[in-house]
Amino acid sequence: MSRTEVKLRSNDPCWCGSGRKYKRCHRGSEGRVLPGRVGPLRSVPESIPRPDYVGSGEPLRRDEPMVKSASVIEAVRRAGKIAAEVLAVTGAAVAPGVTTDELDAIAHAAYLERGAYPSTLGYHGYPKSICTSVNEVICHGIPDDRPLAEGDIVNVDVTAYIDGVHGDCSAMFFAGEVDEESRRLVEVTRACRDLGIAAVAPGRPISDIGRAIEDHAHAAGYGVVRAFIGHGIGESFHTAPSIPHYYTPEARTVMEPGMIFTIEPMITVGSWREKMWDNGWTAVTSDGRRSAQFEHTLLVTDAGAEVLTPEP
Ligand code: MF3
Ligand code: CO
Ligand code: CO
């Protein structure tokens with residue numbers, strides 16, 4: 001028997017057994033991703049240095065320059081390479097039936113093998129080593145016991161901390177066979193990220209990046225999420241400058257060689273507006289239609305951009 005064979009009325013008890021009225025529980029959410037159970041915290045050996053926020057959850061205030069020193073640049077190159085490796089290892093495990101917490105376990109082990117700390121673990125209280133954002137989840141999905149279903153699309157977002165700096169990247173993976181519309185969404189989103197990177201040039205304002213991304217997304221008929229943006233990164237996980245993925249004249253900071261930031265557009269089939277789950281982290285599209293994201297950490301060079309999180 002499937003749920004759809006039973007036509008529940010608004011005030012009937014929900015099929016899920018919660019005891020709540022159907023209209024107050026699952027009505028309208030069939031086919032949506034639901035929060036699962038989040039497993040216990042994973043540990044990191046004391047030998048792996050951790051960022052300053054681990055314990056309190058709050059980063060210590062530091063004024064980090066947007067233009068990085070040669071040693072910070074070199075360190076982010078190492079952290080970025082590790083993040084990209086962890087992303088590839090974890091993405092390769094995406095398949096129907098695999099839970100997002102199993103992906104978290106794979107990623108966690110891959111960070112530790114490389115001597116890196118998973119930057120998200122303990123960041124403002126975030127409980128896991130990666131983010132896994134499935135279907136209509138825009139970003140900051142917390143790995144849980146929900147098994148991936150055939151046809152799901154999942155963003156895996158990996159941030160590695162090593163040698164005092166962070167490297168941050170994400171990509172989309174498919175659980176089995178995915179419908180045509182989702183495949184198109186994912187390819188357009190990857191192109192948006194890459195067109196954003198192509199707009200990186202010293203002497204140009206940061207607003208060029210969002211303009212390039214938005215033009216491509218809109219031409220495809222898609223939305224650009226506004227609530228979450230790219231960010232400077234280095235000794236801090238999130239720092240100046242802000243990188244909106246839509247055009248705004250307010251993003252007038254001029255790019256300079258030595259700046260390091262992420263470009264991580266979230267592109268939607270339908271509405272670009274977000275709703276938050278009760279867990280305070282997970283953002284989903286307001287209309288429940290799918291969203292995709294790709295992220296790289298970039299260095300502004302004399303010529304344009306160097307990708308610090310290259311696919312291995
Ligand atoms: N990696 C995400 C980003 O791209 C940040 C995740 S922070 C978390 O900026 F706490 F939600 F994990
Ligand atoms: Co980021
Ligand atoms: Co990220």
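Residues numbered from 1 in each chain as written. Chains lettered and ligands numbered in written order. Predicted model: local features only at pLDDT ≥ 70, side-chain atom pairs only at ≥ 80, totals over all residues. Heavy atoms only, no water.

Colleague: What is the right way to read the coordination of the cobalt ion (ligand 2) from this model?
Modeller: Tetrahedral metal sites with four donors have an ideal angle of 109.5 degrees; octahedral sites with six donors have ideal angles of 90 or 180 degrees. Bound to the cobalt ion (ligand 2) on the protein side are D168 (OD), H231 (NE2), E264 (OE) and E295 (OE), at distances that span 2.0 to 2.2 Å. Around the cobalt ion (ligand 2), the six donor atoms sit at angles spanning 52 to 164 degrees, and that spread fits a shape best called irregular. Mapped onto the polypeptide sequence, the residues donating to the cobalt ion (ligand 2) form the spacing pattern D-x62-H-x32-E-x30-E. The distance between the cobalt ion (ligand 2) and the cobalt ion (ligand 3) comes to 3.3 Å, with D168 serving as a donor to both metals. Placement of D168 in strand β5 (residues 165-174) and of E295 in the loop between β13 (291-293) and β14 (296-300) is noted, with a sequence separation of 127 residues between them. (Donors = N, O, S within 2.8 Å, 3.2 Å for Na, K, Ca; no water. Tetrahedral: all angles 85-135°; square planar, octahedral: opposite > 155°, others 65-115°. Helix = DSSP H or I, 4+ residues; strand = E, 2+ residues; numbered from the N terminus.)

Colleague: Mind showing me how you'd approach the coordination of the cobalt ion (ligand 3) here?
Modeller: Taken together, D157 (OD), D157 (OD), D168 (OD) and E295 (OE) make up the full set of protein donors to the cobalt ion (ligand 3), lying 2.1 to 2.4 Å away. For the cobalt ion (ligand 3), the six donor atoms in the first shell make angles of 58 to 167 degrees at the metal, a pattern classed as irregular. If you list the donors of the cobalt ion (ligand 3) from N- to C-terminus, the spacing comes out as D-x10-D-x126-E.

Colleague: Explanation requested: the sheet that holds strand β6 (residues 223-224) in the structure shown.
Modeller: Strands in a sheet are paired, the pairing made by backbone hydrogen bonds, and the direction either parallel or antiparallel. Overall, antiparallel pairing links the three strands, which are arranged β6-β10-β13 in an open sheet. Single-partner strands in this sheet number two, and they are β6 and β13. Summarising the sheet, β6 and strand β10 (residues 266-268) pair through two bridges and their orientation is antiparallel. By the bridge assignment, V224 is partnered in β10 with I267. Packing against the sheet, helix α3 (residues 180-198) makes contact with β10 and β13, and its axis sits at approximately 40 degrees to β13. (Pairing = 2+ DSSP bridges. Contact = heavy atoms within 4.5 Å. Axes fitted to C-alpha atoms, helices over the stretch in contact; angles between N-to-C directions.)

Colleague: What is the right way to read the site of ligand 1 from this model?
Modeller: The local shell around ligand 1 holds 14 residues, among which T120, H231, H238, E264 and E295 are the closest. Between an oxygen atom of ligand 1 and a side-chain N or O atom of D168, the distance comes to 3.0 Å. At a separation of 3.0 Å, an oxygen atom of ligand 1 approaches a polar side-chain atom of H231. Relative to its unbound accessible surface of 340 Å², ligand 1 loses 97% to contact with the protein. Cavity membership is defined here by more than half of the atoms lying within 2 Å of grid points; on that basis ligand 1 lies in the second largest pocket. (Near = heavy atom within 4 Å. Polar contact = N/O pair within 3.5 Å; in protein donor to acceptor, adjacent residues only side chain to side chain. Areas by Shrake-Rupley, 256 points an atom, 1.4 Å probe, with all protein chains shown as cover. 1 Å grid on protein atoms, 1.4 Å probe; cavity = no way out; pocket = protein on both sides within 12 Å on 5 of 7 lines; lining within 4 Å. Sits in = over half its atoms within 2 Å of the grid points.)

Colleague: Is there a simple way to explain the environment of F261 in this structure?
Modeller: By secondary structure assignment, the location of F261 is in strand β9 (residues 260-263). On the accessibility criterion, F261 (0% relative accessible area) is buried. Not counting residues up to four positions away in its chain, the partners in contact with F261 are V200, I209, H231, G232, I233, P241, I243, M255, H296, T297, L298 and V300. (Buried < 20%, exposed > 50% of the residue type's maximum accessible area, 1.4 Å probe, protein only.)

Colleague: Can you help me understand the layout of surface pockets in this one?
Modeller: Rolled over the atoms, a probe as big as a water molecule pinpoints where empty space is left. When its volume is computed, the largest pocket comes out at roughly 530 Å³. At the level of elements, β11 (274-276) and β12 (283-285) are the ones that each hand at least two residues to the lining of the largest pocket. Residues that form the lining of the largest pocket fall into these classes: seven nonpolar, five polar and seven charged. In this model, the second largest pocket occupies a volume close to 410 Å³. Forming the walls of the second largest pocket are 20 residues, and the residues nearest its centre are Y123, H140, H231, F237 and H238. In terms of residue class, the lining of the second largest pocket is made up of nine nonpolar, seven polar and four charged. (Points joined across faces, edges and corners; volume = space filled by probe spheres on them. Nonpolar A, V, L, I, M, F, W, Y, C, P; charged D, E, K, R; others polar.)

Colleague: Please clarify how the pairing of β14 should be interpreted in this entry.
Modeller: The element β14 is extensively covered by neighbouring structure, given that five of its five residues are classed as buried. Along β14, one buried face is formed by H296, L298 and V300 and the opposite face, lined by T297 and L299, is buried too. The pairing of β9 with β14 spans four bridges and is antiparallel. By the bridge assignment, I260 is partnered in β14 with L299. Summarising the sheet, β14 and strand β15 (residues 305-307) pair through three bridges and their orientation is antiparallel. By the bridge assignment, L298 is partnered in β15 with V307. The turn linking β14 back onto β15 is made up of four residues.

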